[in-house]
Every structure is written in structure tokens, then in C-alpha cells.
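Chain by chain, the residues:
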Amino acid sequence: ELKVEQNPLFLSMQEGKNYTIYCNYSTTSDRLYWYRQDPGKSLESLFVLLSNGAVKQEGRLMASLDTKARLSTLHITAAVHDLSATYFCAVEVMNRDDKIIFGKGTRLHILP
Amino acid sequence: NAGVTQTPKFQVLKTGQSMTLQCAQDMNHEYMSWYRQDPGMGLRLIHYSVGAGITDQGEVPNGYNVSRSTTEDFPLRLLSAAPSQTSVYFCASSPRISTSGGFSDTQYFGPGTRLTVL
């Protein structure tokens, strides 16, 4: 059964700093997704990573995937307050199950 | 396109009552899914469907039924509501690219239904 672990679960950081959120998963997969959720809102897609070594960047966010290590990272560069949100990674279960399993989320609070 | 729509937005039930959460999408997506979100638990997959007439169980299916009679609609039924089913429910859809499994696109989420069971 696929397990998806994110860490940290909560992160408070200063504006202008860099930090990384980690997403580990327990079984083989080469498809991973990152989402953002603002309080009281739905989920918004950030990145789709479809192969080993995939790297995607959008503004101050960069996501990467290492399928051999079963690890994805979401790196935040020079954080700004608007990036405060909860970030989720989700991993697709292979072997034709078609399930997509989420981590518990990382609640990011960026202090001005 | 309206995207993924969910009704109702809020619902309060008494223990033992039944109800149906509605989900519809107008993007002709084959794949649809239901998740519940509870504090500290992330999103947990309840049921999903890879196309009309096909459904399967997710991580937490007990107490819920689904059906997929059309591509557009994927209702979630609570058979006998329990306080443990108090949660926010999200429906999502995605285009499914290959029959051998695998997605090349993200899931698109609806706005959610906040359900309270007393």
C-alpha cells in the first residue's frame, strides 16, 4: 500500500528566506503532483512531474522528482507572504490501480 | 466551462440520515474521484471512477457508495450518516490519457462540500 509522507507538516519562515518541503513515498511511482490550498478554499494545481529527474519552476517555486529515491521536493526561493498556504503532494499508484494518494500537507506560514 | 461543480456547499445531517453529494464536470474527463479532508489528515481517497459504469474503492470507502452512469456525474451517497463522517468533501476530475494507466495531467478539484453530522 502506498504511503506518502510530507515534512515538515508545519513551517513558519521569514520573508526572503529559502526553504524546501519534502515528499517521500513508499512504492514505485513516476508521477507526482503538487497542489496548493488556501484556507477555506479548494486545491489548485501547481506542478505535474511525470518522470525521473523532472524539474518544474513557476515563479519562486521549483519542484523536482527523484523516482529512485522516491522523493520529490518543493523549493521556495526568497519567500513572500503571498506564498502562505498549505502545500500537498500526491502520488499516483502504479500497476493500473489508478489511485492518487495525498500526503498530509505542509502548512506554510511566511512572516512579513 | 464551469469545471467541476459540487452541491450542496454546506450540509448538516443527523446521525442515521442518508444523503447524496452531487458532483458534475463539463470537461469530458474520464477520471473522477472523491476525497475527504480532515484536519491533520490531508486528503483521503474515498472512491474513484475511470469511466462511465466503472467505480472502485479508495482508502476509506466504508459508509459511502458511488455510481457513474454518465461521464459528467459522479454522486457520492452516505447511506447512514455518522459523526465520523463530518468532513469537507472534494470531488475531482482528470483526463485519463492511456488505458494502461497513468495520467499526464493533474486533477481539477471542485469547491468542496462541508458536511456536519450531529
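Note: the structure precedes this text.
First, a word on what this report is: a plain description of the structure on this page.

The rules we used
Residues numbered from 1 in each chain as written. Chains lettered and ligands numbered in written order. Predicted model: local features only at pLDDT ≥ 70, side-chain atom pairs only at ≥ 80, totals over all residues. Heavy atoms only, no water. Contact = heavy atoms within 4.5 Å. Buried area = accessible area lost by both parts, 1.4 Å probe. Salt bridge = Lys/Arg side-chain N within 4 Å of Asp/Glu carboxyl O. Polar contact = N/O pair within 3.5 Å; in protein donor to acceptor, adjacent residues only side chain to side chain. Helix = DSSP H or I, 4+ residues; strand = E, 2+ residues; numbered from the N terminus. Nonpolar A, V, L, I, M, F, W, Y, C, P; charged D, E, K, R; others polar. Buried < 20%, exposed > 50% of the residue type's maximum accessible area, 1.4 Å probe, protein only. Pairing = 2+ DSSP bridges. Disulfide = S-S within 2.5 Å. Axes fitted to C-alpha atoms, helices over the stretch in contact; angles between N-to-C directions.

Considering the interface of chain A and chain B
Move 1: The interface of chain A with chain B comprises 21 residues on the first partner and 26 residues on the second.
Move 2: Where chain A abuts chain B, roughly 1,900 Å² becomes buried across the two surfaces, and 55% of that area is made up of carbon and sulfur atoms.
Move 3: Where chain A touches chain B, the interface holds zero salt bridges.
Move 4: Where chain A packs against chain B, one counts six residue pairs in polar contact (both at pLDDT 80 or more).
Move 5: Elements with a contribution of two residues or more to the side of chain A that touches chain B: β4 (32-37), β5 (43-49), β9 (85-92) and β10 (100-102) of chain A.
Move 6: A breakdown of the residues in the side of chain A that touches chain B according to their chemical character gives nine nonpolar, four polar and eight charged.

What to know about the pairing of strand β11 (residues 106-111) of chain A
Residue and element names in this part refer to chain A.
Move 1: On β11, burial follows the alternation: Thr106, Leu108 and Ile110 on one face are buried, whereas Arg107, His109 and Leu111 on the facing-out side are not.
Move 2: In terms of strand pairing, strand β2 (residues 10-14) meets β11 through five bridges, oriented parallel. Paired with Ser12 across the two strands is His109, which belongs to β11.
Move 3: In this structure, β9 lies alongside β11, joined through three bridges in antiparallel fashion. Paired with Ala85 across the two strands is Leu108, which belongs to β11.

Overview of the state of the cysteines
Move 1: By the definition in use, this model includes two disulfides over all chains.
Move 2: Note that Cys23(A) is cross-linked by a disulfide to Cys89(A), the S-S spacing being 2.0 Å. An S-S torsion of about 80° defines the bridge between Cys23(A) and Cys89(A) as right-handed. A residue pair is termed long-range when its members are at least 10 positions apart, and Cys23(A) in strand β3 (residues 19-25) and Cys89(A) in strand β9 qualify at 66 residues.
Move 3: In this model Cys23(B) forms its disulfide with Cys91(B); the gap between the sulfur atoms is 1.8 Å. Judged by the torsion about the S-S bond (-70°), the Cys23(B)/Cys91(B) disulfide is left-handed. You can see Cys23(B) sitting in strand β3 (residues 19-25) and its partner Cys91(B) sitting in strand β9 (residues 87-94), a full 68 residues away along the chain. As far as the burial class goes, Cys23(B) and Cys91(B) line up, both buried.

As for the sheet that holds strand β7 (residues 61-66) of chain A
Residue and element names in this part refer to chain A.
Move 1: With respect to topology, five strands assemble into an open sheet ordered β1-β3-β8-β7-β6, the strand pairing being antiparallel. On the outer flanks of this sheet lie β1 (4-7) and β6 (55-58), each paired with one strand and no other. For this sheet, the mean angle separating the axes of adjacent strands, direction not counted, is 15°.
Move 2: As judged from the four bridges shared by β6 and β7, these two strands associate in the antiparallel manner. Within β7, the residue paired with Glu58 across the bridge is Leu61.

Quick notes on the pattern of salt bridges
Residues and elements named next belong to chain A.
Move 1: Under the defined criterion, the tally for this structure stands at four salt bridges over all chains.
Move 2: Arg31 is the salt-bridge partner of Glu92, the closest N and O atoms lying 3.9 Å from each other. Taken together, the residues Glu92 in strand β9 and Arg31 in the loop between β3 and β4 connect sequence positions 61 residues apart. You'll find Glu92 and Arg31 in the same group, each marked buried.

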